[in-house]
Amino acid sequence: MRPEIKYKNTHKFSKKELEDLFLSVGWSSGEFPEKLVIAMKNYDTVFSAWNGDELVGLVCVMDDGIMNAYIHYLLVKPDYQLKGIGKKLIEKVKTYYDDYLRIAVICENKNVKFYEYCGFEKHEEKSPLFITDLEN
């Protein structure tokens, strides 16, 4: 039986909710729940998925207000994966930003097929670039 998932457009989360979600998928960001609470407030758009009072997924988007939106986080707790929650969160983003020129995402190679399933296309001539250690 599928859980009854409710979706919200909110920026308000507790430290515990975010810590549990991020650590459930092994993301080190979960070790900084105080910063995650602030980050969620600063994103332009955050859609979340709830099973009762349990935060089970979310997607965070930054945008320039008119043309480009960038998906930064998409997380779904392991016990809730493969139930359509991630796809539904992406659908919410696509609907919300339907008049924008572009929605972009940078993902790990293992997740490319999921994003293609959601309508994204990998571009052969473009590559993501990162600086992850700002001390150098």
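All values reported here derive from a predicted model rather than from experimental measurement.

## Details of the environment of Asp 98
- Secondary-structure assignment places Asp 98 in the loop between α3 (85–96) and β5 (102–105).
- For Asp 98 and Asn 42, which are 56 residues apart along the polypeptide, the C-alpha to C-alpha distance reads 21 Å.

## So, the confidence of the model for the chain
- Summing up the model confidence of the chain, the mean pLDDT is 90 and the portion of residues at 70 or higher is 95%.
- Across the chain, the element-wise mean pLDDT spans from 82 in helix α4 (residues 112–117) up to 98 in strand β2 (residues 45–51).

## Comments concerning the nonpolar core
- Of all hydrophobic cores here, the largest spans 20 residues; its most connected members are Val 59, Ile 71, Ile 85, Leu 89, Ile 90 and Val 93.
- When sequence neighbours within four positions are dropped, the list of residues in contact with Ile 85 reads Ile 5, Tyr 7, Ala 49, Val 56, Val 76 and Tyr 80.
- One finds Phe 22, Leu 36, Met 40 and Leu 58 within the second-largest nonpolar core, a separate group that totals 15 residues.

## Digging into the layout of surface pockets
- Its boundaries defined by the atoms lining it, the largest pocket holds a volume of some 1,100 Å³.
- Looking at the largest pocket, it is lined by 32 residues, and the ones nearest its centre are Trp 27, Leu 74, Leu 75, Asn 111 and Tyr 115.
- For the lining of the largest pocket, the secondary structure elements donating two or more residues are β4 (68–76), α3 and α4.
- Tallying contributions element by element places β4 first for the lining of the largest pocket, with seven residues.
- Class assignment for the residues of the lining of the largest pocket results in 20 nonpolar, eight polar and four charged.
- In this structure, the second largest pocket encloses a volume near 800 Å³.

## Topic: helix α1 (residues 15–24)
- Here α1 has its buried residues at Leu 18, Leu 21 and Phe 22. With its buried residues spanning 90° around the axis, α1 presents them on a single face.
- Where the residues of α1 are buried, they touch α2 (33–42), β3 (54–63) and β4.
- Looking one or two places after α1, you find Gly 26, whose phi comes out positive at around 80°.

## Section: the pairing of β4
- Burial within β4 is extensive, with seven of its nine residues counted as buried.
- Alignment of β3 against β4, held across seven bridges, turns out to be antiparallel. Paired with Val 59 across the bridge in β4 is Leu 74.
- Taking the residues that link successive antiparallel strands as the turn, the β3-β4 hairpin has four residues, and the phi of Gly 65 there is positive, at about 90°.
- Relative to β5, β4 runs parallel, the two sharing four bridges.

## Focus on the packing of aromatic side chains
- Applying the stated criterion across every chain, the model contains eight aromatic pairs.
- Measuring from ring centre to ring centre gives 4.9 Å for Phe 22 and Tyr 73, while their planes differ by 85°; the resulting arrangement is edge-to-face. Linking Phe 22 in helix α1 with Tyr 73 in strand β4, this pair joins segments that are 51 residues apart in sequence. For the pair Phe 22 and Tyr 73, a shared accessibility class is recorded, and that class is buried.
- Ring geometry for Phe 47 and Tyr 96: centres 5.8 Å apart, planes at 80°, overall edge-to-face. Taken as a pair, Phe 47 in strand β2 and Tyr 96 in helix α3 lie far apart in primary sequence, 49 residues in all.
- You can call Tyr 96 partly exposed: its relative accessible area is 44%.
- Among the aromatic residues, ring-to-ring pairing joins Phe 22, Trp 27, Tyr 43 and Tyr 73 into one connected group.
- Against the face of Tyr 117 rests Lys 87, its NZ or CZ located 5.3 Å from the ring centre.
- Above the plane of the ring of Tyr 7 lies Lys 88, whose end atom (NZ or CZ) is 6.0 Å from the centre.

Rules behind the numbers
Residues numbered from 1 in each chain as written. Predicted model: local features only at pLDDT ≥ 70, side-chain atom pairs only at ≥ 80, totals over all residues. Heavy atoms only, no water. Helix = DSSP H or I, 4+ residues; strand = E, 2+ residues; numbered from the N terminus. pLDDT = per-residue confidence, 0-100. Core = buried A, V, L, I, M, F, W, Y, C linked by side-chain atoms within 4.5 Å. Buried < 20%, exposed > 50% of the residue type's maximum accessible area, 1.4 Å probe, protein only. Contact = heavy atoms within 4.5 Å. 1 Å grid on protein atoms, 1.4 Å probe; cavity = no way out; pocket = protein on both sides within 12 Å on 5 of 7 lines; lining within 4 Å. Points joined across faces, edges and corners; volume = space filled by probe spheres on them. Nonpolar A, V, L, I, M, F, W, Y, C, P; charged D, E, K, R; others polar. Arc of directions from axis to C-beta. Pairing = 2+ DSSP bridges. Phe/Tyr/Trp six-rings, centres within 6.5 Å; stacked < 30°, edge-to-face > 60°. Lys NZ or Arg CZ within 6 Å of the ring centre and 35° of its normal.

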